[in-house]
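# Examining the three-dimensional arrangement
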Amino acid sequence: MKIKNRKLTTIIAMILCAIITVTSFGTDTAYAASKTPLKVTFNKKTVTLAKDASTMTTSVTVKTLTKKWGKPKKEVCEGDPLCGGRDGNTTYIWEKGKTTITYTIPVDVEFTHGGKQIWIYSYDKNLKILGIKVGMKQKKAEKILKDLGDYAPYCEYKKGKVSYIRYIIEIE
């Protein structure tokens, strides 16, 4: 009798483990498999920065962005003379209203421990990134952010609407 009870208990335990394992696969797995293109709309012109936003990297050049968004303002930071200027950078800036996009190229990537980057900030409706725009309803934006997962832009909200968007992209 004890052997039958032990076998029955073992079988029940195995079935429960199998059920727990199968149900632990959530819907998040589906998001990782889908590729969402990293599209940024600025000045009513859209640029696809990457075919897959989850990489959070792009190979787009200043020349490509200039063709779409117009000529940027250029700022050169010479860097600290004590470092031989190796901490300097060149930044290209596109601005419209309360939206700013910067494309930064460091003088010495090894010295600064960071490569080229695109920083995007927006407090107004001049920008749309990954389907999110300032002024969009919070619930709609949160649904998009949830779908994007770890590579979603940072958003702030006021009165139930998106009031600020920030996104940083590494350049290959």
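Residues numbered from 1 in each chain as written. Predicted model: local features only at pLDDT ≥ 70, side-chain atom pairs only at ≥ 80, totals over all residues. Heavy atoms only, no water.

## Thoughts on the pattern of salt bridges
- Within the structure shown, the criterion is met by 3 salt bridges.
- Across the salt bridge formed by K73 and E75, the nearest N and O atoms sit 3.8 Å from each other.
- K143 is paired through a salt bridge with D147; the nearest N and O atoms lie 3.4 Å apart. Remark: D147 and K143 occur in helix α5 (residues 138–148); sequence separation between them is 4 residues, near one turn of the helix.
- Looking at K143, the relative accessible area reads 54%, which means it is exposed.
- The partly exposed category is assigned to D147, whose relative accessible area is 25%.
- Put simply, K73, E75 and E95 are held in one network by salt bridges that share partners. (Salt bridge = Lys/Arg side-chain N within 4 Å of Asp/Glu carboxyl O. Helix = DSSP H or I, 4+ residues; strand = E, 2+ residues; numbered from the N terminus. Buried < 20%, exposed > 50% of the residue type's maximum accessible area, 1.4 Å probe, protein only.)

## Describing the sheet that holds strand β1 (residues 38–42)
- Taken in spatial order, the 4 strands of this open sheet run β2-β1-β8-β9, and their pairing is antiparallel. Single-partner strands in this sheet number two, and they are β2 (45–50) and β9 (132–133).
- One ladder, built from 5 bridges, connects β1 with β2; its direction is antiparallel. Within β2, the position partnered with F42 by the bridge is K45.
- Docked against the sheet, helix α3 (residues 62–69) engages β1 and β2, running at close to 160 degrees with respect to β2. (Pairing = 2+ DSSP bridges. Contact = heavy atoms within 4.5 Å. Axes fitted to C-alpha atoms, helices over the stretch in contact; angles between N-to-C directions.)

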